[in-house]
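Listed below, chain by chain, are the residues.
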Amino acid sequence: MRVKTVSLLWFRGAADLVSMDPECKSMVIYGVNGSGKSSFVDAIEYALSSGRIGHLAHEYSGKNLKNALANTHKPDGATSEFSIKLCDDLDVKVEINRDGSAKSYGAINGWDYRRIVLRQDEVVAFIQDTKGDKYSALLPLFGLYRMEVAAENLRQVSKNVESLSQIDQTKVVLGQVSAKRKAIFGADTDGQILKRIEELHGKYCPDRAATTDGLLRCSDLIAAIEVRITQLSADERRHLALRSVAELEVENNVDAVRAASLTLSGADDPLVSQKLAVLQPTEILVGKLPTAGEVKCPACGQSIQVAEFREHVKGELERLQGIRQTFNERNIVMGHLCDSVKSLKVGLAKTDVKTWREELTKGSLAGYFGYLDGIDAQKLRTNCSEMDLQQIEGKLLPLVSAARSASGDAPPGVRQLVDDQRLVDMAKTTIQAKERAADLERAEALVSLIKALEQATRDEIRLRSNTVIAEISGDIKTMWSILHPGEAIEDVHLYLPKEADKAIDIGLKFHGKELDSPRLTLSEGYRNSLGLCIFLSMAKREAADDRPVILDDVVISLDRNHRGMIVELLKKEFSGRQVIILTHDRDWYTELRQQLDEGVWSFKALLPYETPEIGIRWSHKTSTFDDARAHLKDRPDSAGNDARKIMDVELALIAERLQIRMPYLRFDRNDRRSAHDFLERLIADGKKCFQKGTGKDSVTQDDAIQALKNAEQLLLSWGNRASHTFDVVQAEATKLINACEKALESFKCASCKKAVWFADAGGSEWVQCQCGGIRWRYGKG
């Protein structure tokens, strides 16, 4: 399952067909920023992530990344496409259409992008993720996906039961019913209330058949009282209508809405009401969406993956869970206020109170009736501001008070009729509430059972997850100790927080003190190092399937000391895996070429990018002198300076491999030696140590010594001038680059193409190339 080739055609930075050919081996690719090396990784991510490339997903890329995938200068009629060939002969080809849609041939199944590829911007992503996102990233490693699906399904069933049963709303309503019942019936029991209804039924419905059904009795009573009302005189009907208005609880409704609004205003999030107003109906929408694909965000209109949208809505609702009940209660009391205002409008619009109203319009309440007639009561159900409440208090409560005053001298018969009507209505509501309470109890019992099943499932997941987490934490500790030997940051591990399900975080010891997160103390470089360890520990678990590990510019913030330890880490932990490293760090690329086994690793360099029409190009050499050549036309001094810097790094590594003895320098000057310092010793020692041929036929490598001398002379003259006075012409810089390149090539055998230090054929005496054509004898220096 290793990568054999990745080929691009007018895809991203590529123009004409260009291929990355690791041929199932590990590989290091060097290219300056913008040379196009990440285009190969983009193709792999696109294939593994169902057409998604994370760093390109933004508002300007368009639907299906249509503005980001094709080369910006793709000719008319040309096709943007890529293909990936694996070592088991699996071949995947993807053709990108103009609208971003794609036609795919073949697929790479079972590969998890997050355990295959690590990009520069993803190094610390796991560390900075929420605990829930960390859990999601590791879930596939646990092998508990089915159990997690079961637990999540139980959670959704529980939420659906709560939603369909309207448990929170029912509790609020039943609480309000209980308060009203107490106000009308006091401490009367259900039996006593039914007894009073029985008595009233005998009073108002003497001709109706006897029944023990409380609800039926209430219905009979309501109809009978309505008949009595129609038989009242005009004056009595006016008193009755005003009495009904006087009984409206507008003032209590206003107080309840204000109290709920004050509770919401005290939440940490000042926009909580607006967010919940959007999120709760969106939660219903999410339940109807397909399992995959894209959906337009209802807030911004941008296309977003369904899975991401679903997780975002769920996370936001869970975050606001504590305030949702208050929000729902506020909606209920706003509904009650809406109903009261509607009843007020209807009550004062009756013809029975017309004359009373006309009298009041002549006085100070004239404008209040205008406000009542113009108010949109239905809007109060969803939006009721403090200004609305103040308007209601100032203009509607006086009308209720006036009705209460006018109905105070109502005839006893009318008052009794109103009281009986109110009692019967409340009795009916109480009986119905009893049934709702029974429904609520059953719903809560069902929810409790489902939640218990979910918790039992999650407990089992936690138990099994701990084993896997312990293994991954062991790998993280091992890798961290390789990158940071003997440092005071230790015991880096993953853990399951006790207070939450579906959550994972990272703990460590910082100078002996245990911390719950690396974000508290670790610098950017250390966080990147930790992110690399975490990724590699997860990638290590793919070893059985021999899947590749791709590292795209991941050492940008690591210093030289820690960067150098990555080679040891790869050798110890990933010697049997295909690893593909892409880097713009020229010095690190040079170190990797010197330190990694050429029998297992291949090395390639990209030419600097020129134009989209030319696209991505490979250098025909593995060295990085083409970086210098790219400056020859416009900045020959920069070309010469780059050549000198390349030699500084390359010769330092060669001197170390050949055990060249250098004079001791104080302080950090040992690490600041120049190419000239190394060339002096290599030339001097090379006259005795650098040989070609075998046995008695071996002779000094005179051609190599001369190449080193030529490079030294030109570096002293033109190299230093390029670095300090910038006075170098193109011809001089060209000759300098060629001389430096030839000097380095002299350490490689012309026959077997291996470096002189390839094999320790002579033990502690000498090293040689693979075929023995050239050698370096340590003891001769």
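A quick note: this is a predicted structure, and the numbers were derived from the prediction, not measured.

Engineer: Tell me about the packing of aromatic side chains, residues and numbers included.
Structural biologist: Evaluation of the coordinates by the stated rule reveals 10 aromatic pairs. Summarising the aromatic geometry, the rings of Trp480 and Tyr526 are spaced 6.1 Å apart at their centres and angled 55 degrees between planes, so their arrangement reads as tilted. Of the two residues, Trp480 sits in helix α17 (residues 412-483) while Tyr526 sits in helix α18 (residues 524-540), which places them 46 residues apart along the sequence. Judged by relative accessible area, Trp480 falls into the buried class, the value being 3%. Note on Tyr526: relative accessible area 23%, which makes it partly exposed. Taken together, a centroid distance of 6.5 Å and an interplanar angle of 70 degrees make the contact between Tyr589 and Phe603 edge-to-face.

Engineer: Run through the sheet that holds strand β14 (residues 579-583), naming residues and quoting values.
Structural biologist: Taken in spatial order, the 5 strands make up an open sheet running β7-β13-β14-β3-β15, and their pairing is parallel. Single-partner strands in this sheet number two, and they are β7 (117-119) and β15 (601-605). The mean inter-strand angle of the sheet, taken between neighbouring strand axes irrespective of direction, is 10 degrees. Here helix α20 (residues 586-595) sits on the sheet and contacts β3 (26-30), β14 and β15; the angle it forms with β15, its principal contact strand, is near 150 degrees.

Engineer: Can you lay out the pairing of β15 for me, pointing to particular residues and giving the numbers?
Structural biologist: The buried count for β15 comes to 4 of 5 residues, which makes it a mostly enclosed element. Relative to β15, β3 runs parallel, the two sharing 5 bridges. Its bridge partner lying in β15, Met27 is registered against Ser602.

Engineer: Any chance you could break down a nonpolar patch on the surface for me, citing the residues and the numbers?
Structural biologist: Together, Leu446, Leu449 and Leu453 make up an exposed nonpolar region whose accessible area comes to about 270 Å². Note on placement: Leu446 falls in helix α17.

Engineer: Let's hear about empty space enclosed by the protein: which residues, and what values?
Structural biologist: Per the stated rule, a full pass over the model turns up 3 cavities of 30 Å³ or more. Residue lining of the largest cavity: 15 residues in total, with Arg593, Gln594, Glu650, Leu744 and Lys748 positioned closest to the centre. Counting only elements with at least two residues in the lining of the largest cavity, the list comes to α20, α22 (636-657) and α25 (730-745). When residues in the lining of the largest cavity are grouped by element, the largest group, 3 residues, is from α25. Broken down by class, the residue content of the lining of the largest cavity amounts to 6 nonpolar, 3 polar and 6 charged. By volume, the second largest cavity amounts to about 90 Å³. In terms of lining residues, the second largest cavity is bounded by Tyr135, Glu148, Arg458, Ile461, Arg462, Ser465, Leu496, Asp501, Lys502 and Ala503. The biggest single contributor to the lining of the second largest cavity is α17, with 4 residues.

Engineer: Tell me about the pattern of salt bridges, and please be specific about residues and values.
Structural biologist: Under the counting rule described, the total for this entry stands at 54 salt bridges. Where Glu148 meets Arg458, a salt bridge forms, and the shortest distance between an N and an O atom there is 3.1 Å. Of the two residues, Glu148 sits in helix α4 (residues 145-165) while Arg458 sits in helix α17, which places them 310 residues apart along the sequence. By relative accessible area, Glu148 is classed as buried at 6%. Overall, Arg458 belongs to the buried group, its relative accessible area being 5%. A salt bridge links Glu610 to Arg617; its shortest N-O distance comes to 3.2 Å. By relative accessible area, Glu610 is classed as exposed at 53%.

Engineer: A description of the layout of surface pockets should follow, citing residues and the corresponding values.
Structural biologist: Put simply, the second largest pocket is a space of about 1300 Å³. Looking at the second largest pocket, it is lined by 38 residues, and the ones nearest its centre are Lys180, Glu247, Leu248, Arg422 and Asp425. For the lining of the second largest pocket, the secondary structure elements donating two or more residues are α5 (167-185), α7 (214-230), α8 (234-246), α9 (250-265), α12 (321-348) and α17. At 9 residues, α17 tops the list of elements feeding residues into the lining of the second largest pocket.

Engineer: Account for the packing of helix α6 (residues 190-204) against α7, naming residues and giving values.
Structural biologist: Following both chains from N to C, one finds α6 and α7 inclined at 40 degrees, their axes separated by 9 Å at the closest point. With respect to each other, α6 and α7 are oriented oblique. Crossing angle aside, the handedness with which α6 passes α7 is left-handed. Across from Leu194, Ile197, Glu198, Leu200, His201, Lys203 and Tyr204 in α6, the residues of α7 making contact are Gly214, Arg217, Cys218, Asp220, Leu221, Ala224, Ile225 and Arg228. Looking at the contact of α6 with α7 residue by residue, the class counts come to 8 nonpolar, 2 polar and 5 charged.

Engineer: Now, about the state of the cysteines: what can you tell me, with residues and values included?
Structural biologist: All told, the structure shown has 1 disulfide when counted by the stated rule. Here Cys205 is not cross-linked by a disulfide; its sulfur's nearest cysteine counterpart is in Cys218, at 10 Å. Residue classification places Cys205 among the buried positions, given a relative accessible area of 6%. Cysteine Cys749 shares no disulfide, and the gap to the nearest cysteine sulfur, in Cys771, comes to 3.6 Å. When its relative accessible area of 5% is taken as the criterion, Cys749 is described as buried.

Engineer: So what's going on with the side chain of Asp220? Which residues, and what values?
Structural biologist: Summarising the element assignment, Asp220 is placed in helix α7. When its relative accessible area of 11% is taken as the criterion, Asp220 is described as buried. Within the structure, the side chain of Asp220 is placed 3.1 Å from the side chain of His201, a separation counted as a polar contact.

Engineer: Let's hear about the nonpolar core: which residues, and what values?
Structural biologist: Here is a general trend for soluble globular proteins: nonpolar side chains tend to be buried in one another's company. Judged by nonpolar contacts, the single largest core of 61 residues is most densely connected at Leu138, Phe142, Leu494, Leu530, Leu536, Leu551 and Ile581. The biggest single contributor to this core is α17, with 9 residues. Look past the residues within four positions of Leu551 in its chain and what remains in contact with it is Leu118, Leu532, Phe535, Leu536, Val579, Ile580, Ile581 and Leu582. In this structure, Ala655, Ile660, Ala675 and Cys689 belong to the second largest nonpolar core, which totals 46 residues.

Engineer: Residue-level account of α8, with values.
Structural biologist: Between the first and last C-alpha of α8 there are 18 Å, a value that for 13 residues agrees with the 18 Å anticipated at 1.5 Å per step. Of the positions making up α8, those classed as buried are Arg238, His239, Leu240, Ala241, Leu242, Arg243, Val245 and Ala246.

Engineer: Please set out the packing of α5 against α17 residue by residue, giving values where relevant.
Structural biologist: Two numbers describe how α5 lies on α17: the axes approach to 9 Å, and their chain directions differ by 145 degrees. Here the hand of the crossing between α5 and α17 comes out left-handed. Residue composition of the contact of α5 with α17, grouped by class: 14 nonpolar, 3 polar and 6 charged.

Engineer: Go over the side chain of Asp42 with me, naming the residues and quoting the values.
Structural biologist: Assignment of secondary structure puts Asp42 in helix α1 (residues 38-48). Judged by its relative accessible area of 1%, Asp42 falls in the buried class. A distance of 2.5 Å separates a polar atom in the side chain of Asp42 from a polar atom in the side chain of Arg119. When sequence neighbours within four positions are dropped, the list of residues in contact with Asp42 reads Phe11, Arg12, Ile53, His55 and Arg119.

What counts and how
- Residues numbered from 1 in each chain as written.
- Predicted model: local features only at pLDDT ≥ 70, side-chain atom pairs only at ≥ 80, totals over all residues.
- Heavy atoms only, no water.
- Phe/Tyr/Trp six-rings, centres within 6.5 Å; stacked < 30°, edge-to-face > 60°.
- Helix = DSSP H or I, 4+ residues; strand = E, 2+ residues; numbered from the N terminus.
- Buried < 20%, exposed > 50% of the residue type's maximum accessible area, 1.4 Å probe, protein only.
- Pairing = 2+ DSSP bridges.
- Axes fitted to C-alpha atoms, helices over the stretch in contact; angles between N-to-C directions.
- Contact = heavy atoms within 4.5 Å.
- Patch = residues over 30% accessible without salt bridge, like charges linked within 9 Å, V, L, I, M, F, W, Y side chains within 5 Å.
- Areas by Shrake-Rupley, 256 points an atom, 1.4 Å probe, with all protein chains shown as cover.
- Salt bridge = Lys/Arg side-chain N within 4 Å of Asp/Glu carboxyl O.
- 1 Å grid on protein atoms, 1.4 Å probe; cavity = no way out; pocket = protein on both sides within 12 Å on 5 of 7 lines; lining within 4 Å.
- Points joined across faces, edges and corners; volume = space filled by probe spheres on them.
- Nonpolar A, V, L, I, M, F, W, Y, C, P; charged D, E, K, R; others polar.
- Parallel < 35°, antiparallel > 145°, perpendicular 65-115°, else oblique.
- Left-handed = near helix turned anticlockwise from the far one by under 90°.
- Disulfide = S-S within 2.5 Å.
- Polar contact = N/O pair within 3.5 Å; in protein donor to acceptor, adjacent residues only side chain to side chain.
- Core = buried A, V, L, I, M, F, W, Y, C linked by side-chain atoms within 4.5 Å.
- Expected span 1.5 Å × (residues − 1).

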